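Topology and contacts: notes
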Amino acid sequence: MKLYGHPWSVNTRKSLVTAAEKGHELPLALVMLPTGEHHQPAYREIHPFAKVPALDDDGFVLYEARAIDAYLDRVLAGPALVPARARDAARMEQWIGVADAYFAPSAQPLIVELLFRRYLGGDQNQAAIAAGRSGIEAVLEVLDGALGSAPYLAGDTFSLADIYWLPYVDYLRQIGEGAPIERRANVAAWATRVIARPAWQAVARSGPQPYEANMTADVIAKRYR
């Protein structure tokens, strides 16, 4: 089993930490996004939409992080990341959907423009930055209310929903956009709690970070290959 992706990709990180939470280290086949490797024909045979991650489990190829993470939870031994209770499982799905539909469309442009633009090239899109900053506020307000009655997004136990939000909130904190998180006590406490988990620390702090100086594409490739 191996995962095609890039260690800085939010979706790649979701799958890596899912495996880590199950007690497994998922081998990473590096796809160099900064150099456009994901658009090459060889990779498009694996992922026809030229995104990361993609999973190869002994010839069974699967793409889209949400599908990959659900699959990993089912096939890997270790603690369950989908709650057993129907209502908690439904709540997990709700918060994954909220991340996809309402939070990521605002958080992702902030991360791209303020963190990854130096690798992608071009000028920062100031309109996208302003819209992103505005857009995350209302979602975080709803999230703060929900976390007032439970320690995790699906209830009392850590789940795939928490994993789905983790890369966004961690990056926002790292790039100086964490104020909307810190202003909301429940979200701030949850973020601190989940970021501190050993599995996340192993995935997100195990190599060079995009906010470090001199992390050129060549350096990234040499460090990860």
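Before any of the text, the structure's been laid out above.
Reading the values: rules and limits
- Residues numbered from 1 in each chain as written.
- Predicted model: local features only at pLDDT ≥ 70, side-chain atom pairs only at ≥ 80, totals over all residues.
- Heavy atoms only, no water.
- Core = buried A, V, L, I, M, F, W, Y, C linked by side-chain atoms within 4.5 Å.
- Buried < 20%, exposed > 50% of the residue type's maximum accessible area, 1.4 Å probe, protein only.
- Helix = DSSP H or I, 4+ residues; strand = E, 2+ residues; numbered from the N terminus.
- Expected span 1.5 Å × (residues − 1).
- Bend = angle between axes of the 7 residues up to and from the residue.

1. A word on the nonpolar core
- Ranked by internal contacts, the top residues of the largest apolar core, which has 57 residues, are Phe103, Leu143, Leu153, Trp165, Leu172 and Trp190.
- Listed by contribution, the elements that provide at least two residues to this core are helix H1 (10–21), helix H3 (65–75), helix H4 (86–120), helix H5 (126–146), helix H6 (160–174), helix H8 (185–195) and helix H9 (198–204).
- If you tally residues by element for this core, the top one is H4, at 13 residues.
- Tyr4, Ala29, Val31 and Val52 belong to the second-largest nonpolar core, a separate cluster that totals six residues.

2. As for the environment of Gly176
- Counting through the fold element by element, Gly176 comes out in the loop between H6 and helix H7 (179–182).
- Separated by 126 residues in the primary sequence, Gly176 and Ala50 have C-alpha atoms spaced 30 Å apart.

3. Points about H6
- Over its 15 residues, H6 runs 22 Å from end to end, which matches the ideal 21 Å to within 8%, given 1.5 Å per residue.
- Where H6 bends most, the angle comes to about 35°, and this point is Leu166, followed within four residues by the proline Pro167.
- Among the 15 residues of H6, 13 are classified as buried, and the element is accordingly described as predominantly covered.
- Backbone geometry just downstream of H6 places Gly176 in the positive-phi region, at approximately 80°.

4. Quick notes on unusual backbone geometry
- At the junction of Val52 and Pro53, the peptide bond is cis and its omega measures out at 5° in the coordinates.
- Looking at where Pro53 falls in the secondary structure, it is placed in the loop between helix H2 (41–44) and strand S3 (54–57).
- Residue Ala50 is not a glycine yet carries a positive backbone phi of 60°.
- With respect to the helices and strands, the residue Ala50 is situated in the loop between H2 and S3.
- A residue is classified by how much of its surface remains accessible, and Ala50, at 3% relative accessible area, is buried.

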